[in-house]
Amino acid sequence: MSTERWIWAQGLSTTAENGTVLDAWFPEVNEGKAPAASVRPEPAAELSALATPDHRRSVTVDVVTVEIDLDAAPASTADAYLRLHALSHLIVSPNTLNLDGLFGVLPNVAWTTAGPVHPDDLTRIRPALMRAGIQVQSIDKFPRLLDYVTPHGVRIADASRVRLGAHLAPGTTVMHEGFVNFNAGTLGASMVEGRISQGVVVGDGSDIGGGASIMGTLSGGGNHRVSIGERTLLGANAGIGISLGDDCIVEAGLYVTAGSKIVLADEPVQANGARPVVKGAALSGSSGILIRRNSLTGAIEAVKRGGVGVTLNAALHA
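Remember, predicted model here, so these are calculated numbers, not experimental data. (Residues numbered from 1 in each chain as written. Predicted model: local features only at pLDDT ≥ 70, side-chain atom pairs only at ≥ 80, totals over all residues. Heavy atoms only, no water.)

Right, let's talk about the sheet that holds strand β8 (residues 136-140) for a bit. Reading across the sheet, the three strands line up as β7-β6-β8 and stay open at both edges, with antiparallel pairing between neighbours. In this open sheet, the two edge strands, each paired with only one partner strand, are β7 (115-117) and β8. Going from strand to strand, the sheet's axes swing by 30 degrees on average, the running direction of each strand aside. Where strand β6 (residues 109-112) meets β8, four bridges bridge the pair, whose relative direction is antiparallel. Residue pairing for β8: tryptophan 111 is matched across the bridge by serine 138. (Pairing = 2+ DSSP bridges. Helix = DSSP H or I, 4+ residues; strand = E, 2+ residues; numbered from the N terminus. Axes fitted to C-alpha atoms, helices over the stretch in contact; angles between N-to-C directions.)

Now the structure itself:
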């Protein structure tokens, strides 16, 4: 295995009183294997200063050094967190590292404004948290991205809607109703006003309209990882379960799945007097198409379109 498929980092790990590791934070992620302990740099003073018990949350915080093989399955909570950090630091792209069994090594955590708390301890320590002005924001396996990583050149209107492990390229804007899951995100400057599900990647210059949805693979039994190319527009309240290439448009409010029956409106009429009809899967990954609903017949149609697709407002994505 070449060293390019290994990463390592020093950081802080939080452990509950019952021994459950709740999270790990890594300020920097390094490619390659970790140096031998005898030559490894000492943890930064800022890390060592934070490695103390926090009695308010019934946790201890320790300095940890973690080294992982990106092609092996996650082996621990700290291992899983380093993978999520690698995605959000843009060290690796979505779908290029092994995340098998990730949910099994990530515990449910009560996320507070002071850091993670074990859910079983929450009722007991809630009065102390309230006196300290500490609020509980959620109970989930994944924390908010912005509590761990500051992505360069990115705007995020609502921190609660972007999970750690999201991959956001510079120039990306995630508006208030936009959502980006872990192991998903953008490969260039993009506007995100809809939902980017796990495993989905969106190309440079594309726009995910308000309320739009992109199918992921976490539920429903599907295994196709949807991707969107460059300069493509997914209209407001639209949705897709197929991939789109470059310079495509899906009409607002239209949901296209692999099984959708789509009329090829540009093709010649057949002997039966109708134009060819294909399933959505046959168009998956195609570039330069407009998918719309015929307002008279209600049929979904695909037509070819020339030139480039959408052009984002440069001032919003500078």
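Each aromatic ring pair is summarised here by two numbers: the centre-to-centre distance and the angle between the ring planes. Enumeration over the complete set of coordinates arrives at five aromatic pairs. On the numbers, 5.6 Å between centres and 70 degrees between planes, the contact of phenylalanine 103 with phenylalanine 142 is edge-to-face. Here phenylalanine 103 is found in helix α3 (residues 102-105), whereas its partner phenylalanine 142 is found in the loop between β8 and β9 (155-156), with 39 residues between them in sequence. Judged by its relative accessible area of 37%, phenylalanine 103 is partly exposed. With relative accessibility at 3%, the residue phenylalanine 142 sits in the buried group. (Phe/Tyr/Trp six-rings, centres within 6.5 Å; stacked < 30°, edge-to-face > 60°. Buried < 20%, exposed > 50% of the residue type's maximum accessible area, 1.4 Å probe, protein only.)

As a further point, take the pairing of strand β24 (residues 261-264). Side-chain positions along a regular strand alternate between the two faces of the sheet. Here three bridges tie β24 to strand β25 (residues 277-279), and the two strands are oriented antiparallel to one another. Bridging from a neighbouring strand, lysine 261 pairs with lysine 279 of β25. With three bridges joining them, β24 and strand β27 (residues 300-304) adopt parallel strand pairing. The residue of β27 that forms the bridge with leucine 264 is alanine 302.

Read from one edge to the other, the open sheet built from four strands follows the order β10-β13-β16-β19, with strand pairing classed as parallel. Edge positions in the sheet fall to β10 (166-167) and β19 (227-228), since each of these pairs with one other strand and no more. Note that strand β13 (residues 184-186) and strand β16 (residues 201-202) share two bridges and pair parallel. Each residue of the ladder has a partner; that of threonine 186, found in β16, is valine 202.

Here the focus is the domain arrangement of the protein. Partitioning the protein into structural domains gives domain 1 (6-140) and domain 2 (145-316). Between domain 1 and domain 2, the C-alpha centre-to-centre distance is 32 Å. On the side of domain 2, 20 residues touch domain 1, which itself brings 21 residues to the contact. Together domain 1 and domain 2 conceal approximately 1,500 Å² of surface at their shared face, both sides included; 62% is due to carbon and sulfur atoms. Counting the surface domain 1 buries against domain 2, the share from its top three residues, Ser88, Pro94 and Asn95, is 36%. At the surface where domain 1 touches domain 2, the tally comes to one salt bridge. One salt bridge connects aspartate 140 with arginine 163, and the closest N-O pair in it is separated by 2.9 Å. If you look at where domain 1 meets domain 2, you find eight residue pairs in polar contact (both at pLDDT 80 or more). Of all the secondary-structure elements, those providing two or more residues to the side of domain 1 that touches domain 2 are β2 (21-25), α2 (77-88), α3 and β8. Among the elements that take part in the side of domain 1 that touches domain 2, α2 stands out by supplying five residues, more than any other. Grouping the constituent residues of the side of domain 1 that touches domain 2 by class yields 13 nonpolar, six polar and two charged. (Domains from an automatic or database assignment. Contact = heavy atoms within 4.5 Å. Buried area = accessible area lost by both parts, 1.4 Å probe. Salt bridge = Lys/Arg side-chain N within 4 Å of Asp/Glu carboxyl O. Polar contact = N/O pair within 3.5 Å; in protein donor to acceptor, adjacent residues only side chain to side chain. Nonpolar A, V, L, I, M, F, W, Y, C, P; charged D, E, K, R; others polar.)

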